[in-house]
Amino acid sequence: LIERAKVKLFPCLLRLKSDLFHLLFIELNYLWIMIIGILFCLLLLLALTFSIQKSRFFKIRSIPKSWIWMAFSLKLIAALTLTSIYTYYYQNRSQADIYKYYDDAVVLKKAHQDKSDLFWETFLPENMQSESFRHSLSQTLHWDLSTTYLINDNRTLIRLNYLLLYLSGEFYFFHLLFFCTLSFLGSIALFRFFNANSSLPSQLIFIVVFGVPSLLFWSSALLKESILLFTLGFFLLFAQKVFIKNQLKFLPLFIVFLFLSFTVKIYVFLALAIPLLLYLISQRLSIKKQKAAYSIIGISLIALFFSLKNKLLITLKEKLIDFKAIAEAANAGSQIYMPTYENLSELIQLIPLALYNVLIHPLIPPKWSLLSSVAAMEHLFLVGILVLPIIAFKKQTKQLPFFWFCISFVLILSCLIGLSTPVLGAIVRYKVPLIPFYLIALLTFVNLNKIPLLKKLK
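Definitions and cut-offs
Residues numbered from 1 in each chain as written. Predicted model: local features only at pLDDT ≥ 70, side-chain atom pairs only at ≥ 80, totals over all residues. Heavy atoms only, no water. Helix = DSSP H or I, 4+ residues; strand = E, 2+ residues; numbered from the N terminus. Buried < 20%, exposed > 50% of the residue type's maximum accessible area, 1.4 Å probe, protein only. Contact = heavy atoms within 4.5 Å. Areas by Shrake-Rupley, 256 points an atom, 1.4 Å probe, with all protein chains shown as cover. 1 Å grid on protein atoms, 1.4 Å probe; cavity = no way out; pocket = protein on both sides within 12 Å on 5 of 7 lines; lining within 4 Å. Points joined across faces, edges and corners; volume = space filled by probe spheres on them. Nonpolar A, V, L, I, M, F, W, Y, C, P; charged D, E, K, R; others polar. Salt bridge = Lys/Arg side-chain N within 4 Å of Asp/Glu carboxyl O. Expected span 1.5 Å × (residues − 1). Patch = residues over 30% accessible without salt bridge, like charges linked within 9 Å, V, L, I, M, F, W, Y side chains within 5 Å. Lys, Arg positive; Asp, Glu negative; His and termini not counted. Charge placed at Lys NZ, Arg CZ, Asp CG, Glu CD. Axes fitted to C-alpha atoms, helices over the stretch in contact; angles between N-to-C directions. Phe/Tyr/Trp six-rings, centres within 6.5 Å; stacked < 30°, edge-to-face > 60°. Lys NZ or Arg CZ within 6 Å of the ring centre and 35° of its normal. Bend = angle between axes of the 7 residues up to and from the residue.

A.B. asks: How would you explain the overall build of the protein if you had to name every residue and give the values?
C.D. replies: When helices and strands are tallied, the protein shows 21 helices and 0 strands. Here the protein, with 458 residues, has 47% of them falling under the buried criterion. For the protein, long-range pairs separated by at least 24 residues make up 73% of all intrachain contacts whose partners lie at least 6 apart in sequence. Of the accessible surface of the protein, which amounts to about 24800 Å², a share of 68% is contributed by carbon and sulfur atoms.

Shown next, in the form of structure tokens:
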């Protein structure tokens, strides 16, 4: 028995002891990482609290601090709700956008352990990266190794999460809170831009920016929309300060956000560029000079369009084809009709269908689910309030330039989304940046005194 114990039992006990120590070490290490992550979350919340109380950025006339705190709380609740849905309801983590960029960043960080040179290569252009770095990308799922003329926003999100990992200790909720905070700051900046250029009451603009469910839902979690709202809000705010208020001290910040605008969903800023340029001209030049400027811009745009039309057509077509392939592979239940186009004439003929898919089709989803039903209800409201300018019209001559700025952005972005996205679920998410512009443009011509609920806000 003693000999058998020496041969069989004692080694088993030793292995068990080793395994227990190993498991204990892993648990203590995870606990330490969690503590570090929680501390950084508390530091971030403390910094935000101090800023809300002291910073001029958050001091807004007619908007009490309680509204600002409520807005941040709603965004945090939306972020946690979306994370819970994609954790417990849609359980395919590799396909969940709220996890896939974070998970790829974790893979890269582990591959770059004890290789400090690879850390810096993560932020270099693709043509400057070594073979060793490219090998570390083999385990990632969403880095997207294809060659592109534009900055790939998948890589932007992975790089940002990769950098945050060195602060968070791989504590996911720090990343979630960081993205939610950026989205909140961008929303405040967007509100300040609307408030400076629109004649609507500040309270109503605040509700438009922070109260639309889909905008709140999709732009608060660890998604591209959160970074998009951050860059969009500050880009517009600093453009207004530099080119309308002539505050040149903000020019460096405008240039920074102009650069950042090309790193996430560049098509949104391409859709914004022309309407914003025309609006800034209308605010800076006299009527005679405006006509000359519009003529020059019109001729330049026509020349630019015909020189780049093939690249534009190929880019939209490839995005549509790739999206269809992904939707087929994932067996997406909300696929909709959008045929492939071969030339400019066919693309132009499909613009009405593209606008229909973005502006009307969400009312009738091809497959009903909890998310599609909620989206349909919200869209019914967005379409239904078109009746307000009819029953309570108010003439607004001075606000016409700002109205055309908002509505032009909505239509251009709707065309780009509709022509490249054959999945209704994705369209509902991609169109959230245009919702506040649509509502501001629509409410501009509504006599609030004739609408009891809106009259209280006024």
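A.B. asks: Lay out empty space enclosed by the protein with the relevant residues and their values.
C.D. replies: Inspection of the entire model under this criterion finds 1 cavity of 30 Å³ or more. If you add up the space inside the largest cavity, you get close to 40 Å³. L215, S219, E225, L228, L229, V432 and P433 are the residues that line the largest cavity. Tallied by class, residues from the lining of the largest cavity come to 5 nonpolar, 1 polar and 1 charged.

A.B. asks: Can you tell me about the pattern of salt bridges, naming the residues and giving the values?
C.D. replies: Applying the stated criterion to the full structure yields 4 salt bridges. Across the pair K317 and E342 runs a salt bridge, and its minimum N-O distance is 2.7 Å. With a gap of 25 residues between them, K317 in helix α13 (residues 287-330) and E342 in the loop between α13 and α14 (344-349) connect regions that are remote in the sequence. On the basis of relative accessible area, K317 is assigned to the partly exposed category, the value being 21%. The structure contains a network of salt bridges with shared partners spanning E225, K265 and R429.

A.B. asks: Can you lay out helix α10 (residues 224-243) for me, pointing to particular residues and giving the numbers?
C.D. replies: Under the 1.5 Å per step criterion, the end-to-end length of α10 is 28 Å for 20 residues, consistent within 8% with the ideal 28 Å. Along α10, 19 of the 20 residues are buried, which leaves the element largely enclosed by surrounding structure.

A.B. asks: So what's going on with the environment of P352? Which residues, and what values?
C.D. replies: By secondary structure assignment, the location of P352 is in helix α15 (residues 351-359). Residue P352 is classed as exposed on the basis of its relative accessible area of 52%. Between the C-alpha atoms of P352 and L419, which are 67 residues apart in sequence, the distance is 9.8 Å.

A.B. asks: Give a description of a nonpolar patch on the surface that names residues and reports values.
C.D. replies: A cluster of nonpolar residues, I274, L278, Y294, L301, L304 and L308, forms a patch on the protein surface that exposes about 440 Å² of accessible area. Within the secondary structure layout, L278 lies in helix α12 (residues 266-284). According to the relative accessible area criterion, L278 is partly exposed, its value standing at 31%.

A.B. asks: So what's going on with a positive patch on the surface? Residues and values would help.
C.D. replies: Positive charge collects at one region of the surface, where K54, R56, K59 and K249 lie side by side. Topologically, K249 is positioned in the loop between α10 and α11 (251-260).

A.B. asks: Please set out the packing of helix α7 (residues 172-197) against helix α18 (residues 400-420) residue by residue, giving values where relevant.
C.D. replies: Two numbers describe a pair of packed helices, the interaxial angle and the distance between the axes. Direction vectors running N to C along α7 and α18 enclose 145°, while the axes themselves pass 10 Å from each other. Of the residues in α18, those touching α7 at F193, F194 and N197 are F402, F405 and C406. Residue classes in the contact of α7 with α18 are distributed as 5 nonpolar, 1 polar and no charged.

A.B. asks: I'd love a proper account of the packing of aromatic side chains, names of residues and values included.
C.D. replies: Evaluated as defined, the whole model comprises 40 aromatic pairs. Ring geometry for F230 and F234: centres 5.3 Å apart, planes at 65°, overall edge-to-face. Residue F230 and its partner F234 are both found in helix α10; the two are separated by 4 residues, about one turn of the helix. Judged by its relative accessible area of 14%, F230 is buried. With a centroid separation of 6.1 Å and 75° between ring planes, the pair formed by F405 and F437 is classed as edge-to-face. Taken together, the positions of F405 in helix α18 and F437 in helix α20 (residues 435-443) put the pair 32 residues apart, joining distant regions of the chain. Classification of F405 by relative accessible area gives buried; the value is 1%. Positioned above the aromatic ring of Y166, the side-chain terminus of K109 is 5.1 Å from the ring centre. Here K241 stacks its cationic end above the ring of F250, 5.1 Å away from the centre of that ring.

A.B. asks: Lay out α13 in plain terms, naming residues and giving numbers.
C.D. replies: Counted at 1.5 Å a residue, the expected span for α13 with its 44 residues is 64 Å, but the 54 Å between its end C-alpha atoms falls short. Of all bends in α13, the biggest is about 60°, found at L308. Taken together, the buried positions of α13 are Q290, A293, I297, L313, L316, L320, F323 and A327. Following α13 by one or two positions, N331 adopts a phi angle in the positive range, close to 55°.

A.B. asks: Provide a residue-level description of the side chain of K265, including the pertinent values.
C.D. replies: Note on placement: K265 falls in the loop between α11 and α12. For K265, a relative accessible area of 6% corresponds to the buried category. Discounting chain neighbours no more than four positions away, the residues touching K265 are D153, K224, E225, L228 and Y430.

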